[in-house]
Amino acid sequence: MANFNKVILAGNLTRDPELRYTPKGTAVAKLGMAINRSWRTETGEMKEEVTFVDVDAFGKTAETIGKYLKKGRPILIEGRLKLDTWEDKQTNQKRSKLGVIAETFQFIDSRPDNDGSRGSSGPSRAAAPPPEPSPESEPPPVEDDVPF
């Protein structure tokens with residue numbers, strides 16, 4: 001039987017990413033996302049629901065998220081589902097929680113941060129940072145924001 005575990009989520013961060021390091025030096029970022037869904041009922045009434053998702057990122061992905069993203073910023077995450085299970089110490093009942101392990105991500109916006117720099121000036125995809133330009137190559141053209 002074939003197995004496939006892949007999620008793609010686009011939403012806003014519900015809190016600043018919490019960046020920590022394991023004893024061996026691996027970066028771990030914990031972040032929360034809110035994903036909104038809007039629809040119109042049969043009577044024409046607009047409805048909205050919000051799904052809150054906990055996401056864990058590791059390594060360079062975690063470091064980049066911790067450096068460039070803050071609460072409220074939009075982000076697109078690609079990753080996999082992970083089911084955590086544990087026993088509640090107070091009730092001795094088994095508990096479980098479904099979360100996401102981020103494998104790659106993309107910045108969705110490029111609004112300036114408080115210091116005036118662009119928040120997405122880092123790599124747009126943490127799993128594949130852009131190559132360093134060679135000294136002989138010309139600098140890339142500057143892209144203007146063009147409204148469509």
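Above this text sits the structure in question.
Note that the coordinates shown come from a computational prediction; the quantities given were computed from them, not determined experimentally.

**Q** What am I meant to see in the pattern of salt bridges here?
**A** Side-chain pairs of opposite charge can arise whenever the charged atoms involved come near each other. Using the criterion set out here, one finds 10 salt bridges in the structure. Among the ionic pairs, D109 bridges to R73, the shortest N-O distance being 2.9 Å. You can see D109 sitting in the segment after β6 (94-107) and its partner R73 sitting in the loop between α1 (59-68) and β5 (74-87), a full 36 residues away along the chain. You can call D109 buried: its relative accessible area is 19%.

**Q** Where do I start with α1 in this structure?
**A** Every buried residue belonging to α1 is among T61, A62, T64, I65 and Y68, and all of these are buried. Along the long axis of α1, the arc covered by the buried residues comes to 165°, so they all point the same way. Within α1, the exposed residues directed more than 90 degrees away from the buried face are K60 and K67. Against β2 (18-21), β3 (27-40), β4 (46-58), β5 and β6 lie the buried residues of α1.

**Q** Can you walk me through the nonpolar core in this structure?
**A** The tendency in soluble globular proteins is for nonpolar side chains to be buried as a group. Among the nonpolar cores identified, the biggest contains 21 residues, and L31, M33, V55, I65, I75, I77 and V100 are the most heavily contacted of them. Counting residues per element, the ones that place at least two in this core are β1 (7-13), β3, β4, α1, β5 and β6. No other element matches β3, which puts 5 residues into this core. Setting aside anything within four residues of it in sequence, one finds I65 in contact with P17, L31, A57, I75 and F105.

**Q** Help me out: how do you make sense of the side chain of R73 in this one?
**A** The class for R73 is buried, based on a relative accessible area of 1%. Here the side chain of R73 touches D109 through a polar contact of 2.9 Å, side chain to side chain.

**Q** Help me out: how do you make sense of the environment of V7 in this one?
**A** Note that V7 resides in strand β1. Classification of V7 by relative accessible area gives buried; the value is 15%. The sequence separation of V7 and R80 amounts to 73 residues, and the corresponding C-alpha distance is 5.5 Å. When near neighbours in sequence (up to four residues on either side) are disregarded, V7 contacts I77, E78, G79, R80, L81 and V100.

Rules of the game
- Residues numbered from 1 in each chain as written.
- Predicted model: local features only at pLDDT ≥ 70, side-chain atom pairs only at ≥ 80, totals over all residues.
- Heavy atoms only, no water.
- Salt bridge = Lys/Arg side-chain N within 4 Å of Asp/Glu carboxyl O.
- Helix = DSSP H or I, 4+ residues; strand = E, 2+ residues; numbered from the N terminus.
- Buried < 20%, exposed > 50% of the residue type's maximum accessible area, 1.4 Å probe, protein only.
- Arc of directions from axis to C-beta.
- Contact = heavy atoms within 4.5 Å.
- Core = buried A, V, L, I, M, F, W, Y, C linked by side-chain atoms within 4.5 Å.
- Polar contact = N/O pair within 3.5 Å; in protein donor to acceptor, adjacent residues only side chain to side chain.

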